Amino acid sequence: MNSLPSLISALVASMLTIAASAAPGDFDSTYGVSGKSFAGVSGADASYGNAVAIQPDGKIVVAGKCFVIATGSTQICAVRLLANGFFDTGFGNGGSKLVNVGGTGVTEVAHALALQSDGKIVLAGACGPETAPTETCVVRLLADGSLDPGFGLSGKSRFAFGTVGVAEGIQEARAVAVLADGKLLVGGRCRGDTLATIGVCVVRLTSNGSVDTTFANAGRSIAANAFPYERLTSMLVRADGRILIATEGSNTLPPAAEVKKIYVSQLTLLGAWDNTFGNLGTGTRMLDICLQNKLPRLALQPDGKVIVGFVCNNGGDIQAGKRLDAVGQVDAAYNYPGGAPFGMPVDGGEYGFKPVLQPDGRAVFVASAYNTAPNPITLDFLAWRAMDTGTLDATYAGGGTKPMQSASDRASDAALQTDGRLVIAGSCDNGTSFQICSARLQGDASFASRNCTMDIDGDGRVLSTTDALILARVSLGMSGVPVMAGITTNGARNTWPAIRDYLVDQCAMTGVAP
């Protein structure tokens, strides 16, 4: 019989198990081919990866856009990979999904994705001309990759606001989050009814994909720090429901050249400006350490502090990172890349410089950079790790550029697995076209068994009515169907075989009957 203390000890011990591995930051040879995965989309002639998320069962979802020559259109698309980097053939059409939202000859792009606890997948982006999209588009897929008929119109939700706008990025989503009550928060850019209401907007949708008019101003909150240009590049939701957004903007009017600055703002859970955050009750903190500051991405620490990774330009794009405390003041103790020469080159592309926080407080910064040799004109994936102070981590031996193929390869997003390994997703040039690609980098040996947590059912939460009850029953020697009796869960592990496999394989439990 497994006692509860023994089970908890097994959980803790498994998290501390040290496994032999290559250096942190090296390609993980157990993923794809030599740590790299290339995934074309069925029915598409070219594919581009813009966002990545990792399911509780370890499968990897990458979303973006796909070009279809036959229809002359660009469509939203996604792939799902097994934990080993190869296609999950139980998803969509042999592992990939192509979604035609609006017809032929149009451009539809997924810039962001989020995973629901019930296994559904939310893709958010834009529809219309690529340089001036006319609608925000959100698609929801069932766990098998089919469109969710209970969301929007046959799995697709499209909406637009206002009549006044500027030419670039009028209507789009660049971030999406699933709230605890099942509603969706979408961050991007939208028109206004007047010049005063143009800018970055945060929209809340109900669980069925319609605009939730109880949020902010008829469903949307306008956050305008700069005019005539501002766009959202990152959004996170705090545990208490407050909303963090990062934007780049310029207050210079043509014909003067743009001078871009970064703004980190906080909204209340109802979409109003949070005057407890930022500079002098404004709800915003501005960062402008270089002549040009752009493409900010956020990472939220457990203590409420926020790491801001961005591209800094004083004549060439370089890496930069700052940290704000919980009330939006600059943390003077943090400066990335710290003592290293402040001039590490980076190419932010469209999605910028992404910080990915590790459980130990260190952060891996991900982007793209031009190679130095043997192909100095080609782009490669890039990863560096910083200590909690922002200084470069010398133990991240595999850091730096990570060549994928011989031609240019651009990283767009990254996500950390529970075992500490890092998945980077983007687009790779195979010589004839671009295709969605990803790489997995080694983490630290001390994180090798972090797949074992108290979230037994894999819904992203630890609850007394599900996880704790399952643990108690198993610790008393129960097995089979009785373990799950009376327990309702939407987690990825919602059957006894899945629960048992998790406890045995990930938590190293012994003596658990089938």
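Below: a short report on this structure. (Residues numbered from 1 in each chain as written. Predicted model: local features only at pLDDT ≥ 70, side-chain atom pairs only at ≥ 80, totals over all residues. Heavy atoms only, no water.)

### Quick word on empty space enclosed by the protein
What the rule picks out here adds up to one cavity of 30 Å³ or more. Considering only enclosed or pocket space, the largest cavity measures out at about 40 Å³ in volume. As for the largest cavity, its lining consists of 13 residues, and the residues nearest its centre are T136, F159, E172, C201 and V203. Residue assignment for the lining of the largest cavity shows that the elements contributing at least two residues are β10 (172–178), β11 (184–190) and β12 (199–205). (1 Å grid on protein atoms, 1.4 Å probe; cavity = no way out; pocket = protein on both sides within 12 Å on 5 of 7 lines; lining within 4 Å. Points joined across faces, edges and corners; volume = space filled by probe spheres on them. Helix = DSSP H or I, 4+ residues; strand = E, 2+ residues; numbered from the N terminus.)

### Here we look at the sheet that holds strand β23 (residues 379–386)
By definition, the strands of a sheet pair up through backbone hydrogen bonds, in either a parallel or an antiparallel sense. Strand order in the open sheet formed by four strands is β21-β22-β23-β24, and the pairing between neighbours is antiparallel. A strand with exactly one partner marks an edge of an open sheet, and here the two such strands are β21 (354–357) and β24 (400–402). The average undirected angle you get between the axes of adjacent strands in this sheet is 30°. Across eight bridges, the pairing between strand β22 (residues 363–370) and β23 is antiparallel. Each residue of the ladder has a partner; that of A369, found in β23, is D380. (Pairing = 2+ DSSP bridges. Axes fitted to C-alpha atoms, helices over the stretch in contact; angles between N-to-C directions.)

### Some remarks on the sheet that holds β12
Taken in spatial order, the four strands make up an open sheet running β10-β11-β12-β13, and their pairing is antiparallel. Each edge of the sheet is formed by a strand with only one pairing partner; in this case those strands are β10 and β13 (220–223). Adjacent strand axes in the sheet meet at a mean angle of 20°, parallel and antiparallel pairs treated alike. The pairing of β11 with β12 spans seven bridges and is classified as antiparallel. Looking across to β12, one finds that V186 is bridged to V203.

### Examining the state of the cysteines
Going through the model one piece at a time under the given rule, you end up with five disulfides. One disulfide bridge connects C428 with C437, the sulfur atoms lying 2.1 Å from each other. Torsion about the S-S bond of the C428 and C437 cystine: about 75°, corresponding to right-handed handedness. A single burial state applies to C428 and to C437, both of which are buried. (Disulfide = S-S within 2.5 Å. Buried < 20%, exposed > 50% of the residue type's maximum accessible area, 1.4 Å probe, protein only.)

### With respect to the side chain of D88
For D88, the location among the structural elements is in the loop between β4 (73–81) and β5 (96–99). For D88, the side chain forms a polar contact with the side chain of R80, separated by 2.8 Å. If sequence neighbours within four positions are ignored, D88 has contacts with K59, R80, L81, L82, G94 and G95. (Polar contact = N/O pair within 3.5 Å; in protein donor to acceptor, adjacent residues only side chain to side chain. Contact = heavy atoms within 4.5 Å.)

### So, the environment of D148
Here D148 is to be found in the loop between β8 (135–141) and β9 (156–159). With 27 residues separating them along the chain, D148 and I121 place their C-alpha atoms 9.3 Å apart. In contact with D148, not counting residues within four places along its chain, are K120, R140, L141, L142, S154 and G155. Separated by 2.7 Å, the side chains of D148 and R140 make a polar contact.

### Focus: the pattern of salt bridges
Pairs can form between side chains of opposite charge whenever their charged atoms are close. Counted by the stated rule, this structure contains 30 salt bridges. Note that R231 is salt-bridged to E248, the shortest N-O span being 3.2 Å. With a gap of 17 residues between them, R231 in strand β14 (residues 229–237) and E248 in strand β15 (residues 243–250) connect regions that are remote in the sequence. The same class applies to R231 as to E248, namely buried. With a closest N to O distance of 3.2 Å, D444 and R362 form a salt bridge. (Salt bridge = Lys/Arg side-chain N within 4 Å of Asp/Glu carboxyl O.)

### Concerning the nonpolar core
Of all hydrophobic cores here, the largest spans 17 residues; its most connected members are I76, V101, L113, L123, V139 and L141. If you list the elements that add at least two residues to this core, you get β2 (46–54), β3 (60–68), β4, β6 (108–115), β7 (121–127) and β8. Counting residues in hydrophobic clusters, the runner-up holds 16 residues, among them F159, F161, V176 and V186. (Core = buried A, V, L, I, M, F, W, Y, C linked by side-chain atoms within 4.5 Å.)

### Some words on the packing of aromatic side chains
Applying the stated criterion across every chain yields a total of five aromatic pairs. When the centroid spacing of 5.4 Å and the interplanar angle of 25° are considered together, the rings of Y48 and F434 count as stacked. On the criterion of sequence distance, the pair formed by Y48 in strand β2 and F434 in strand β27 (residues 434–441) is long-range, its members being 386 residues apart. Within the aromatic cluster, the residues linked to one another by ring pairs are Y336, F353 and F365. Over the aromatic face of Y48 sits the side chain of K65, whose NZ or CZ is 5.2 Å from the ring centroid. Sitting over the ring of F27, K402 keeps its end group 5.0 Å from the ring centre. (Phe/Tyr/Trp six-rings, centres within 6.5 Å; stacked < 30°, edge-to-face > 60°. Lys NZ or Arg CZ within 6 Å of the ring centre and 35° of its normal.)

### Observations concerning the side chain of N313
With respect to the helices and strands, the residue N313 is situated in strand β19 (residues 306–313). Exposure remark for N313: the relative accessible area of 17% places this residue in the buried category. Within polar-contact distance, the side chain of N313 engages the backbone nitrogen of G315 at 2.7 Å. Apart from the residues lying within four places of it in its own chain, the contact partners of N313 are C290, L291 and Q292.

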